[in-house]
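Here's the letter readout for the chains.
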Amino acid sequence: MTADSVPVRPPAVDLTDVTVSAVLRAAPGDGWDVTVVVSRAPGQPQLPATDVTAVLVDSGGQPLPLLDRDQGLLVEAGGGLGVSANAAFRFAPGSNPPARLTVTYRGTPAEFDVDDGAGTDG
Amino acid sequence: MSRMLSVEAESLPRASRVERPRPVAGHAERALADRPDGTHRVLTRHALSVLQLQAGNRAVQRLFADASAGLAGATVQRCGPTPCDCPPEEKAAAEQKSAAATLVTGEGGDQETETVTRTADGMDAGAGPSDGGLPPGGAPPACKSVSGTANLPSGTLPATLSGNKLGASWSMSADFTSDPADPAVCGPCGEYRQYVRGTFTKNGRTVTHRLCGTDLDPTTFQEDCAQIGSTQYKYGYHSIPFANSRFSRPDQATGQRWDGRDAPGITGSSGDTLGVNLDFQGSVIDTCNGATLGGSTWSVSGTAPCRRRRR
């Protein structure tokens, strides 16, 4: 998480062979940027973007429209301990602030709650 | 029988045997529990060493202290060349023979006294401090000091492009010596720590790299760490063996040689401009005495465009 990001809980979710975390930020202009970070063992082939999905739901229970997402292979950074694959998503603004983020990695879901107060300045 | 527990090597025909053990928690309980057929387990020297390693000297001391005090019926029986349940006179003769020994090893009549200390993989601990590791109330042997030499990078390493990955790679190692030299005493003390700060970029934008609970920070050094599916990976810990961080000489638990390998980098797609700008601090440390034994600082830096594939 960075200074301009909106906290999500839990900070990370451990799946079988990866750990998934997410960074939510107000997008420049309008809307929301989500970066899903998949931490995994080094030395594997790059992940295809299609292995990761994200759904952002507002406090009224409505999914925010997905405007853009990574295509092809995901960029990943790291070293001999592990690497972090980044999957970027942009969502349209909703009439309510985002409240819940559901990420799936290879079909396995990881749920995140957006902290109260998010969206008030987004 | 001597109040001081005597333990014999597995290779000897004699065996120390624990009967009707008092239940103790975890490893000790499993190690000493009766067999399903009603017979009792023989506590060999190896088993005792493993028990000490896993449950701790104090737990083992407590177990045998209770036994010798007759609190719960655990007794150590010395049976000489005959497996347990030997006649009382044979048992008494065997006890007399070994009463003065702290630990008996060797073949036939050759006996030497040494100390049982925490070991792994069945390795002999070798001679060590004379507290024996086992006397009730005795303190575990202490590691007085550790010194270490490390083979680590220094200066600035250029990040180079290999396929679609921009990065660098290197091997690291550390050798520890100690007082006392017994790896079973000081082996767990020598470790390596690695800290990192900096950025990975793609097309000028930062790519997030998660450490353990935090992200890689551009300015603040944090311990290099990865949390992957509920397991944390960090360099240089006896307790965290993995392919890129291993102890040897003699083993992971007590090894006085550490070997590691790192290969930081960023992997993109054709057409991306990738950047790496990292600073590292590596230190060899004495965890038992809270001392830093030496280390190095180095950097990895570079920017390069991912080549477009030729069609």
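What you see as residue numbers is a count from 1 along each chain, following the sequence as written. Whichever chain is written first becomes A and whichever ligand is written first becomes 1, with later ones labelled in order. Under the rules for a predicted model, residues below a pLDDT of 70 receive no local features and side-chain atom pairs below 80 are neither given nor counted, while totals for whole chains, interfaces and linings still include all residues.

Residues and elements named next belong to chain A. Read across the open sheet, the four strands follow the order E2-E11-E10-E6; overall the sheet is antiparallel. Looking at the sheet topology across the chains shown, the edges are occupied by strand E2 (8–9) and strand E6 (52–58). Only when DSSP finds a minimum of two bridges between them are two strands counted as paired. Strands are runs of DSSP state E lasting at least two residues, helices are runs of H or I lasting at least four, and both sets are numbered from the N terminus onward. Summarising the sheet, E2 and strand E11 (residues 108–114) pair through two bridges and their orientation is antiparallel. Paired with Val-8 across the strands is Val-114, a residue of E11.

If you look at the biggest cluster of nonpolar residues, it comprises 54 residues, and the most contacted ones within it are Ala-22, Leu-24, Val-34, Val-36, Val-38, Leu-101 and Val-103 of chain A. Take this core: its biggest share by element is six residues, from strand E9 (residues 83–91) of chain A. Residues are treated as contacting if the C-beta atoms built from their backbones sit within 7 Å of each other. The contact partners of Val-38 of chain A, leaving out residues within four places of it in the chain, are Val-18, Val-20, Leu-47, Val-52, Ala-85 and Tyr-105 of chain A. Core analysis: the next-biggest nonpolar cluster, separate from the first, contains 15 residues, Val-146, Ala-184, Tyr-235 and Phe-247 of chain B among them. The term nonpolar core refers to a set of buried Ala, Val, Leu, Ile, Met, Phe, Trp, Tyr and Cys residues connected through C-beta atoms within 7 Å. Put simply, a residue is buried when 20 or more other C-beta atoms lie within 10 Å of its own C-beta and exposed when 12 or fewer do; between those, it is partly exposed, and each C-beta is set from the backbone.

Residues and elements named next belong to chain B. Across the chain, each position has a pLDDT score giving the predictor's confidence in that residue, from 0 to 100. The predicted model of chain B averages 70 in pLDDT, with 54% of residues at 70 or higher. In the model, residues 62–86 has pLDDT below 50 throughout and makes 61 contacts with residues more than four positions away in sequence or in other chains. Low confidence marks residues 91–135, where pLDDT is under 50. Its contacts with residues over four positions away, or in another chain, come to 108 contacts. Predicted as a complex, the structure gets a pTM of 0.68 and an ipTM equal to 0.93.

As a further point, take unusual backbone geometry. Following Arg-9 of chain A, the chain continues into Pro-10 of chain A via a peptide bond in cis, with omega recorded as -5°. Note on placement: Pro-10 of chain A falls in the loop between E2 and strand E3 (12–14). Pro-180 of chain B follows Asp-179 of chain B through a cis peptide bond whose omega is 0°. Look at Asn-203 of chain B: it is not a glycine, yet its phi comes out positive at around 50°. Here Asn-203 of chain B falls in the partly exposed class, since 13 other C-beta atoms lie within 10 Å of it. Even without a glycine there, the phi angle at Ser-230 of chain B is positive, about 75°.

Right, let's get into the interface of chain B and chain A. Listed by partner, the interface residues are 26 residues for chain B and 28 residues for chain A. For the side of chain B that touches chain A, the secondary-structure elements that each account for two or more residues are strand E11 (190–202), strand E14 (226–228), strand E17 (257–262) and strand E18 (265–267) of chain B. Here the side of chain B that touches chain A takes three residues from E14 of chain B, the largest share from any one element. Along the lines of polarity and charge, the residues of the side of chain B that touches chain A split into nine nonpolar, 10 polar and seven charged. Ten residues, namely Ala, Val, Leu, Ile, Met, Phe, Trp, Tyr, Cys and Pro, are considered nonpolar, four, namely Asp, Glu, Lys and Arg, are considered charged, and the remaining ones, Gly among them, are considered polar.

Before going further, it helps to spend a moment on the environment of Asp-182 of chain B. Relative to the helices and strands, Asp-182 of chain B resides in the loop between strand E10 (170–179) and helix H5 (183–186). When the C-alpha atoms of Asp-182 of chain B and Gln-256 of chain B are compared, they prove to be 9.9 Å apart, with 74 residues separating the residues in sequence.

All names here are of chain A. Two elements, E6 and strand E10 (residues 98–105), share seven bridges in a ladder whose sense is antiparallel. When the bridges of E10 are listed, Val-55 appears paired with Thr-102. Bridge count for E10 against E11 is six bridges, and the pairing is antiparallel. Paired with Tyr-105 across the two strands is Thr-108, which belongs to E11. In this structure, the hairpin formed by E10 and E11 is closed by a connection of two residues, where Arg-106 is found at a positive phi of approximately 50°.

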